Structure formats: C-alpha cells, structure tokens
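Read off the chains here:
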Amino acid sequence: MTPVPLLDLGPQNRAVADELRAAFERVLASNQFIMGPELEAFERDCAAAVGARHGLGVASGTDALLLALMALGVGPGDEVLLPSFTFFATAGSVARLGATPVWCDVDPHTFNLDLADADRKAGPRSKVIMPVHLFGQSMDMDAALALARARGLRVIEDGAQSMGARWKGRPALGFGDFGASSFFPSKNLGGFGDSGLLVTSDDALAERARILRVHGMQPKYHHRLLGANFRMDPLQAALLRVKLPHLPSYNCARAGNARFYRERLLGLPGIAENRPGAPADARLLLPVDFSGEGIWNQFTLRVPGGRRDALKAFLADRKIGCEVYYPVTLDRQECFRGVGRGAEACATAHRLADEVVSVPIFPELTEAQRAAVADALAAFAGG
Ligand SMILES: *Cc1c(COP(=O)(O)O)cnc(C)c1O
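The structure displayed is predicted, hence computed values, not measured ones.

1. Structural notes on the packing of helix 11 (residues 308-317) against helix 13 (residues 367-382)
Link 1 in the chain: Running from amino to carboxyl end, helix 11 crosses helix 13 at an angle of 135°, the nearest separation of the two axes being 10 Å. Relative to helix 13, the element helix 11 is oriented oblique. As helix 11 runs across helix 13, the sense of the crossing is right-handed. Packed against helix 11, whose contacting residues are Ala310, Leu311, Phe314 and Leu315, the element helix 13 presents Ala376, Leu377, Ala379 and Phe380 at the interface.
Link 2 in the chain: Among the residues forming the contact of helix 11 with helix 13, the class breakdown is eight nonpolar, no polar and no charged.

Listed below in structure tokens is the structure:
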C-alpha cells in the first residue's frame, strides 16, 4: 500500500532550499524588514505575471479582498454578489465591512458562480460582483464582465486558488477592477506563512489601496483615509520571488496529474465526466477543465447518491488523503445567520456541499502515488 498525503510541501521547497536560504541571508543583511526593494521587485513580477499595471503585496488573501472592497468604498447599505460555494474569506471580507453578501448559486459543472442567478438577484444596492475562480478554473470572464457592465457593478476577482489560470489566453486576476490572490501554503504558489496579492490596472484605485495598506497614512502620520496594516513582509516577498518563476511548471505538473487521472479512469464502470448529460447512474463524476487553461488547485470529484462519506472512509482505509472543500455553504454558516439575502435559491451549492471531495493533485505526486489514487477510485466506483 502506498500512502498518499493530500498535500506534501516538502519536495517542492527542498528543491529550492539553497535559493531560499540565500534570499533569507539577503534580507537579514539588508536590515529592511518592512516594505522596500524586495517587496517592490516581487510586486512588479506578480503584476507582470497576471498582466496588471499594479501589484500590492499584502498580509493574506483575505486582506487582499478586504483592501479591494475598502478601496472601492464598500460599506453598510452596499451589496456584493458572490457565490455561496467558496472559502469563507470571500464573504467574510464583505460582512466585516458591514456590507451585505448576496448569496448566489453556482454552476454544477464548473463549480463557479452562476451568472444567471447573480443577474436575477442583483438589485439597486448591488455595487460589486465577486467571481471566484474556484479550484483553479477561471470563470467565464467575458460573461462576468458583460453582466457587470449591464448592472453597473465593480468587479473583484477572488483568484486565491487560480494564480496562473487563464481565460481565453488572458490571465485570471487581470480582468476586474481588482484581482486578489493568496500565497497560503496550499495554494499553487505556496509561501512560508500567510501572505497575499492585490492587483489592479487602475492607477487611482492602486494609489488608494496603497494608502489604505499603511493605515490610510499619507504623508507620514497624516491619516485622510481609515486604513489598517495590510503589508506583506519583505522576507516573505524574497522567499516567494524564488518560487514565482517555477509557478508555470508547478501548474503544468498539476495538469499532468489531472490528465493521468482522467486517462486512467474515464471509461471505467461507474465513472463519467462532470458535464451536462452525464449518465444518471454514475458513481463518480470527474472534474472537467472547461476553460482548458485551469491550474488544478484541487481535483474535485462529485459523488452522487449519498455515497461521498463512504468514499472518504474508503480512501482513509487506503491511507489516501482527501478533503471536502466545502462541507457547509457560506449562506448556512452560523456567523451568517440572518446576514445577506438570496440563500433560498442556492440549491446547486447546497447539493455540491454534500457531494464533493478533493483528492491529491499536488505537483510532486510520484507515479506510484497517483496510480494508488486512481486505483482506489476505480475500485470504489466499480465495487
Ligand atoms: C485561500 C482563499 C482565500 C483567503 O486566502 P488567505 O491567504 O488564506 O487569507 C480567499 N478566497 C479563496 C477562494 C481561498 O481559497
């Protein structure tokens, strides 16, 4: 039996360990531990990577979302349209500013925001739409931007799981007024602690976000705006600069693992693709990269018929890691009781929370490990 962890950060970071040590030594010798050239260099490289004019290193992906909303002046009385099937921070950032999340449903095949539902739920107070490129697959950004234009909405892309993903050749994060990403260790560009990125191509918004990032301070000790401390450490930036050039190869290795699973499993009894028209009796539905340019932050299966938890137990018996992203939709979280609107029509999101499970897809999976995962899934579906 080959044990397979859901994620093993060791091999990836060991491969660049000497460069990481050199980066640490450089920062140590510089004595510059807040802002400065290491951070600016990383910000320039990130902005270039996603085709945006400005990049701001921040303390987390959550802070990137919060800062974007603050820069757009979102507050009490404003509504933000967002998917109810995503990580907490997407809606947490909205609610923390006293604004109202509008819970929208998601598409059962891409797992991304259902724009028809967002259009139905948009109202006169809706100010922002926040598409999430979930599990590494870009939203249809042509359709998202068209809806935003028609409804007069600003756009914040939550690209925490999608740095390097593209939509029709253009990088995710670069379409909206703002793009937010995260370097939490489990993301495709995994850092060494918490940190995140905010990008924009709007000069005035970039300036506003820069000021808000340092307590709304400009010039020193003069505060025109109510900001906070949202800065990324130069040490974190220096370490991430070592890994950023490798991001395309990390993403490519993830895509190779996804291809392996699909080639091994499609056509076997009980297994089909998660796309419209899938056979009703399929026991496992494999994810599809509809954009063709996703980066596979997760390989997320649907297990219909109430058998998801049976698959979890089956994998645990074989020492194969898995996780449910996400078991409770945001509209049903305890802290959001009585918060937001739209939850009555999120049927797909609610169903997915009961059906999904993600299996190992990290770039450094060995041949034996990914074969063990595929064999286990085949045995479950056929058994
Ligand atoms: C990880 C994540 C975030 C938050 O990023 P942190 O760096 O952990 O604060 C926000 N949205 C989504 C969709 C995420 O996956």
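Once you've had a look at it, read on.
2. Topic: the sheet that holds strand 1 (residues 54-58)
Link 1 in the chain: Read across the open sheet, the seven strands follow the order 1-9-8-5-4-2-3; overall the sheet is mixed. Among the strands making up the open sheet, the edge pair consists of strand 1 and strand 3 (100-104). Each strand axis lies, on average, 25° off the axis of its neighbour in the sheet, ignoring direction.
Link 2 in the chain: Relative to strand 9 (residues 196-200), strand 8 (residues 178-182) runs antiparallel, the two being bridged by four bridges. Bridging from a neighbouring strand, Ala180 pairs with Leu198 of strand 9.
Link 3 in the chain: Together, strand 1, strand 5 (154-158), strand 8 and strand 9 form the strand contacts of helix 8 (residues 203-213), whose direction differs from that of strand 1 by roughly 20°.

3. Thoughts on the side chain of Lys121
Link 1 in the chain: Mapped onto the elements of the fold, Lys121 is located in helix 6 (residues 115-121).
Link 2 in the chain: Residue Lys121 is classed as buried on the basis of its relative accessible area, which comes to 9%.

4. Regarding the side chain of Ser162
Link 1 in the chain: By secondary structure assignment, the location of Ser162 is in the loop between strand 5 and strand 6 (166-167).
Link 2 in the chain: Residue class for Ser162 comes out buried when judged on its relative accessible area of 0%.
Link 3 in the chain: Discounting residues that sit within four places of it in the chain, Ser162 has contacts with His133, Gly136, Ala172 and Ile295.

5. Here's the deal with helix 7 (residues 141-151)
Link 1 in the chain: Every buried residue belonging to helix 7 is among Met141, Ala144, Leu147 and Ala148, and all of these are buried. Seen along its axis, helix 7 keeps its buried residues to an arc of 125°; they face one direction. Opposite the packed face of helix 7, turned more than 90 degrees from it, sit the exposed residues Arg149 and Ala150.
Link 2 in the chain: Against the buried residues of helix 7 lie helix 6, strand 4 (126-129), strand 5 and strand 6.
Link 3 in the chain: For helix 7, the N-terminal cap is Asp140; the gap from its side-chain oxygen to the backbone nitrogen of Asp142 is 3.1 Å.
Link 4 in the chain: Looking at the residues trailing helix 7, positive phi occurs at Gly152, about 65°.

6. With respect to the site of the ligand
Link 1 in the chain: Around the ligand sit 15 residues in total, of which Gly61, Thr62, Gln161, Ser182 and Lys187 are the nearest.
Link 2 in the chain: Contact distances for the ligand include 2.5 Å between an oxygen atom and a side-chain N or O atom of Thr62.
Link 3 in the chain: The side chain of Lys187 places a nitrogen or oxygen atom 2.6 Å from an oxygen atom of the ligand.
Link 4 in the chain: When the ligand is considered free in solution it has 380 Å² of accessible area, and contact with the protein chains removes 93% of it.
Link 5 in the chain: For the ligand, the cavity whose grid points lie within 2 Å of the majority of its atoms is the largest pocket.
Link 6 in the chain: Elements supplying a minimum of two residues to the shell around the ligand: helix 4 (61-71) and helix 5 (89-96).
Link 7 in the chain: Residue composition of the shell around the ligand, by class: five nonpolar, eight polar and two charged.

7. A closer look at the layout of surface pockets
Link 1 in the chain: In this model, the largest pocket occupies a volume close to 410 Å³.
Link 2 in the chain: Forming the boundary of the largest pocket are 24 residues, of which Phe87, Ala160, Ser182, Phe184 and Lys187 lie nearest the centre.
Link 3 in the chain: Secondary-structure elements contributing two or more residues to the lining of the largest pocket are helix 4, helix 5 and strand 8.
Link 4 in the chain: Of the residues contributing to the lining of the largest pocket, the split by class is nine nonpolar, twelve polar and three charged.

8. A few points about the pattern of salt bridges
Link 1 in the chain: Throughout the structure, instances matching the rule amount to 19 salt bridges.
Link 2 in the chain: A salt bridge links Arg53 to Asp203; its shortest N-O distance comes to 2.9 Å. In this pair, Arg53 is assigned in the loop between helix 3 (37-50) and strand 1 and Asp203 in helix 8, connecting sequence segments 150 residues apart.
Link 3 in the chain: Taking relative accessible area as the criterion, Asp203 reaches 40% and is therefore assigned partly exposed.
Link 4 in the chain: For Glu273, the salt bridge is made with Arg262, and the minimal N-O distance between the two is 2.5 Å. Taken together, the residues span a long stretch of sequence, with Glu273 in strand 10 (residues 271-273) and Arg262 in helix 10 (residues 247-265) at a distance of eleven residues.
Link 5 in the chain: Accessibility expressed as a relative area gives 18% for Glu273, which makes it buried.
Link 6 in the chain: Salt bridges here are not isolated pairs; linked through shared partners, they connect Arg26, Glu38 and Arg241.

How each quantity is defined
Residues numbered from 1 in each chain as written. Predicted model: local features only at pLDDT ≥ 70, side-chain atom pairs only at ≥ 80, totals over all residues. Heavy atoms only, no water. Axes fitted to C-alpha atoms, helices over the stretch in contact; angles between N-to-C directions. Helix = DSSP H or I, 4+ residues; strand = E, 2+ residues; numbered from the N terminus. Parallel < 35°, antiparallel > 145°, perpendicular 65-115°, else oblique. Left-handed = near helix turned anticlockwise from the far one by under 90°. Contact = heavy atoms within 4.5 Å. Nonpolar A, V, L, I, M, F, W, Y, C, P; charged D, E, K, R; others polar. Pairing = 2+ DSSP bridges. Buried < 20%, exposed > 50% of the residue type's maximum accessible area, 1.4 Å probe, protein only. Arc of directions from axis to C-beta. Polar contact = N/O pair within 3.5 Å; in protein donor to acceptor, adjacent residues only side chain to side chain. Near = heavy atom within 4 Å. Areas by Shrake-Rupley, 256 points an atom, 1.4 Å probe, with all protein chains shown as cover. 1 Å grid on protein atoms, 1.4 Å probe; cavity = no way out; pocket = protein on both sides within 12 Å on 5 of 7 lines; lining within 4 Å. Sits in = over half its atoms within 2 Å of the grid points. Points joined across faces, edges and corners; volume = space filled by probe spheres on them. Salt bridge = Lys/Arg side-chain N within 4 Å of Asp/Glu carboxyl O.

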